[in-house]
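Coordinate analysis (summary)
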Amino acid sequence: MITPVLLCGGSGTRLWPLSRKSYPKQFVPLVGEETLFQASARRLSGPGFAAPLILTNSDFRFIVTEQLSEIGTDPGAILIEPEGRNTAPAVLAAALWLEKTDPEGLMLVAPSDHVVPDAPAFRAAVAAGVPAAEAGQLVTFGIKPAHAETGYGYLELAEDPGDFAARPLALKRFVEKPDLATAETMLASGHYLWNAGIFLFSVKAILAAFRSHAPELIAPVTAAVEQGKPDLGFLRLDPEAWGQAGDISIDYAVMERAENLSVVPFAAGWSDLGGWDAVWREGGRDDRGVGLSGHATAIDCDNTLLRSEDTGVEVVGIGLKDIITVAMADAVLVADASRAQDVKKAVEALKAKGAKQATHFPKDHRPWGWFESLVIGDRFQVKRIHVHPGAALSLQSHHHRSEHWIVVEGTARITVDDKVTLLTENQSVYIPLGAVHRMENPGKVPMVLIEVQTGSYLGEDDIIRYEDIYARS
């Protein structure tokens, strides 16, 4: 049995403004209707696969469970990383967890933000690598290069890949991201693959590899797992022990030092969506190379991507060539397609000027649903709040603001001090400053209300929680 290990704690910046620290690209439907995380979980499922083991951070834990629930997938376990320490500690933590639950099994480590259009072909490639993994090999998966890419690391093969059929081949070495001239030379040689960062190995083999090549990680990561605390179905790794683990990738810590390596080529299509130029390549385009998404219109454009991520924003391009435009309610990106990798520079510039758009998504996701600010003034704010069926906000009060709630969809159960009321569409309630209150959705459909806040301070940290079913402090 193969346990998929999905890594989804990262926060990409090259797909800003759609991908941000508070809601990164793996949780966004960039290509198709499903999010990249959902597509990854679905791709690594079916006969021969156990329930996935997820590694993420605390901010994303409820997004993970919500998105898995939407596709009918139950996780085997969700490990919460106290802080990002790169992929080596994460893989080791997963292996130590599986040593207790499936010590004879295989584990397939994969990022959760890749696009693989042909899922059956990928599962076949995984199956091709199983005999080598069962024999103790550390199997990595390499992508047949489609062009001279400078944004990926490469794998140099020790033998001719022939037709790039999925079968274990000998791996000579890992190659860092090259310059363009080197990438073109490697592409022409036919003996190099893109490093996809996907690995298959037995629990025993990878633990032995860590003990041989990265023994300094064993003690802190073992302590982090053993001293982890269960929390609402998650396992929170111990933060003090975890913080003592080195910040290092699995490539540097183990793979580049090991000798028992094999690589399985994959030639059926893959992208890590590392920039908007990759999204343009993977998405549907017309005969002039124009890709449209959402409320977007192109007039006499060539090789251009136009996306509107907000129903209230129409994006229109006229006479554009090699341009990327992505519009959201709070931010718009316009870039030359050749500068797609420089979007992260824009994020740094926005951070430097203190713009919240650099890191915060317009919709603020919570375990009970989400909210978005519609209007903000000096002493007032208007929000739309969406509460999932059966969900409830914490029992709370505020020092600096009062609130007025108007239900616009569904039914709300409202607690204000000692009074509990059911409100339906077009009914409202006033929450005085200092009142202990809560809203719940007792129904089977989403509940939506409009919240009007007034007061001297409207920050999200003006909350005193008395009870919370999601165990937030």
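Described in the following lines is the structure provided in the data block. From a predicted model like this one, the values you see are computed outputs, not experimental measurements. (Residues numbered from 1 in each chain as written. Predicted model: local features only at pLDDT ≥ 70, side-chain atom pairs only at ≥ 80, totals over all residues. Heavy atoms only, no water.)

Turning our eyes to something else, we now look at unusual backbone geometry. For the bond from Trp-16 to Pro-17, the omega torsion is 10°, close enough to zero to count as cis. Tracing the backbone shows Pro-17 in the loop between strand E1 (2–7) and helix H1 (36–43). In this structure, Phe-164 is a non-glycine residue whose phi angle is positive, near 60°. Turning to its location among the elements, Phe-164 is positioned in the loop between strand E6 (154–157) and strand E7 (169–175). Residue Asp-300 is not a glycine yet carries a positive backbone phi of 55°. When you line up the elements, Asp-300 lands in the loop between strand E13 (296–299) and strand E14 (305–308). (Helix = DSSP H or I, 4+ residues; strand = E, 2+ residues; numbered from the N terminus.)

A separate point is the nonpolar core. If you look at the biggest cluster of nonpolar residues, it comprises 90 residues, and the most contacted ones within it are Leu-30, Leu-108, Phe-141, Leu-200, Trp-276 and Met-439. With six residues, the single largest contributor to this core is helix H4 (residues 119–134). Excluding anything up to four places from it in sequence, Leu-200 contacts Ile-2, Leu-106, Met-107, Leu-108, Val-126, Gly-129, Val-130, Ala-133, Gln-137, Leu-138, Val-139 and Phe-141. Counting residues in hydrophobic clusters, the runner-up holds 52 residues, among them Val-5, Leu-92, Ala-93 and Val-221. (Core = buried A, V, L, I, M, F, W, Y, C linked by side-chain atoms within 4.5 Å. Buried < 20%, exposed > 50% of the residue type's maximum accessible area, 1.4 Å probe, protein only. Contact = heavy atoms within 4.5 Å.)

Turning our eyes to something else, we now look at the layout of surface pockets. Empty space within the second largest pocket amounts to approximately 770 Å³. Surrounding the second largest pocket, 30 residues form its lining, Pro-29, Glu-309, Phe-361, Lys-363 and His-365 being those nearest its centre. Sorting the residues of the lining of the second largest pocket by element identifies helix H2 (61–70), E14, strand E18 (363–366) and strand E19 (369–376) as the ones contributing at least two each. For the lining of the second largest pocket, the element with the highest residue contribution is H2, accounting for four residues. Along the lines of polarity and charge, the residues of the lining of the second largest pocket split into 11 nonpolar, nine polar and 10 charged. (1 Å grid on protein atoms, 1.4 Å probe; cavity = no way out; pocket = protein on both sides within 12 Å on 5 of 7 lines; lining within 4 Å. Points joined across faces, edges and corners; volume = space filled by probe spheres on them. Nonpolar A, V, L, I, M, F, W, Y, C, P; charged D, E, K, R; others polar.)

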